[in-house]
Every structure is written in structure tokens, then in C-alpha cells.
Amino acid sequence: MLMALMLAGRVLEIEDEKAIVDVVGRVKIARLDFIKDIKPGDYVTIYYGIVLEKVSKEEAEGILKRCSYNSPSKLKPIFKISNLEI
């Protein structure tokens, strides 16, 4: 199953039509193809390396709570080994 991941974070700086964004302490670079009025300090959503929209701090925090990007996985790997005769 493939899943797309939308991230959210705070813009640290703008450089060459790209936003440098802090996403839970990790720096991401995202293109500004669709949104031009972004400035440092704004909160944005990022999808596949492109800034999609400006959002409030609360919206950004809500997006991050719903994704597993910043939380440890609760899934544990399970391995099953069977005896096969070849």
C-alpha cells in the first residue's frame, strides 16, 4: 500500500524560489511553484517537495499529529519462519 505524506512546518528562510522549512527539527527544502507570498515565520504544508498552502500554527501542528513523521512507529515487525523442504 502506497501512502502520500503531507508535511507541515515553519519557514526558516526563502532562497531561490524555494522555502527552507523546519519540520519537527528536520530541515526540508520545498519549491514555491504555487504560492509566492510566503515569508520566514509562516507555517506551510508541503507535499512531495512543493509548498501547497500557508496555514496557521495550529493547523500545522494538527497535520503533524495525524502523520507518523514525528512519532515512533507503533508497528513491530513480525517474522514467521516455516520449515520448507526443497
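These numbers come from a predicted model, not from an experiment.

Reading the values: the criteria
- Residues numbered from 1 in each chain as written.
- Predicted model: local features only at pLDDT ≥ 70, side-chain atom pairs only at ≥ 80, totals over all residues.
- Heavy atoms only, no water.
- Pairing = 2+ DSSP bridges.
- Helix = DSSP H or I, 4+ residues; strand = E, 2+ residues; numbered from the N terminus.
- Salt bridge = Lys/Arg side-chain N within 4 Å of Asp/Glu carboxyl O.
- Buried < 20%, exposed > 50% of the residue type's maximum accessible area, 1.4 Å probe, protein only.
- Core = buried A, V, L, I, M, F, W, Y, C linked by side-chain atoms within 4.5 Å.
- Patch = residues over 30% accessible without salt bridge, like charges linked within 9 Å, V, L, I, M, F, W, Y side chains within 5 Å.
- Areas by Shrake-Rupley, 256 points an atom, 1.4 Å probe, with all protein chains shown as cover.
- Lys, Arg positive; Asp, Glu negative; His and termini not counted.
- Charge placed at Lys NZ, Arg CZ, Asp CG, Glu CD.

Help me understand the pairing of strand E2 (residues 18-23) in this model?
In this structure, strand E1 (residues 6-15) lies alongside E2, joined through five bridges in antiparallel fashion. Each residue of the ladder has a partner; that of Arg-10, found in E2, is Asp-22. Taken together, E1 and the strand that follows it, E2, pair antiparallel across an intervening segment of two residues, in which Asp-16 is found at a positive phi of about 50 degrees. Here six bridges tie E2 to strand E3 (residues 26-31), and the two strands are oriented antiparallel to one another. For Lys-18, the partnering residue across the bridge sits in E3 and is Arg-31.

Looking at this model, I keep getting lost on the pattern of salt bridges. Mind explaining?
Pairing of side chains with opposite charge becomes possible as their charged atoms draw close. For the structure on display, the rule yields five salt bridges. Between Lys-39 and Asp-42 there is a salt bridge whose closest N-O contact spans 3.3 Å. What makes Lys-39 partly exposed here is its relative accessible area of 48%. For Asp-42, the salt bridge identified is with Lys-54, shortest N-O distance 3.7 Å. One end of the pair, Asp-42, is in the loop between E3 and strand E4 (43-47); the other, Lys-54, is in strand E5 (residues 50-55), with 12 residues separating them in the sequence. Take Lys-54: its relative accessible area is 36%, and that puts it in the partly exposed class. Members of the salt-bridge network, linked through shared partners, are Asp-37, Lys-39, Asp-42 and Lys-54.

I keep staring at unusual backbone geometry and nothing clicks. Help me out?
A negative phi angle is the norm for most residues apart from glycine, just as the trans form is the norm for most peptide bonds. If you check the backbone angles, Val-24 has positive phi at about 50 degrees while not being a glycine. Relative to the assigned elements, Val-24 resides in the loop between E2 and E3. For Val-24, a relative accessible area of 43% translates into the label partly exposed. Its identity is not glycine, yet Tyr-48 carries a phi of approximately 50 degrees, on the positive side. Relative to the assigned elements, Tyr-48 resides in the loop between E4 and E5.

Is there a simple way to think about the nonpolar core in this case?
One finds Val-21, Val-44, Ile-46 and Val-51 to be the most contacted residues of the largest nonpolar core, which totals 18 residues. Breaking this core down by element, the ones donating at least two residues are E1, E2, E4, E5 and helix H1 (57-66).

Just to check I follow, could you spell out a negative patch on the surface for this structure?
A cluster of acidic side chains, namely Glu-53, Glu-58, Glu-59 and Glu-61, defines a negative patch on the protein surface. With three residues, the single largest contributor to the negative patch is H1. Tracing the sequence through the fold places Glu-53 in strand E5. Given the relative accessible area of 41%, Glu-53 is considered partly exposed.

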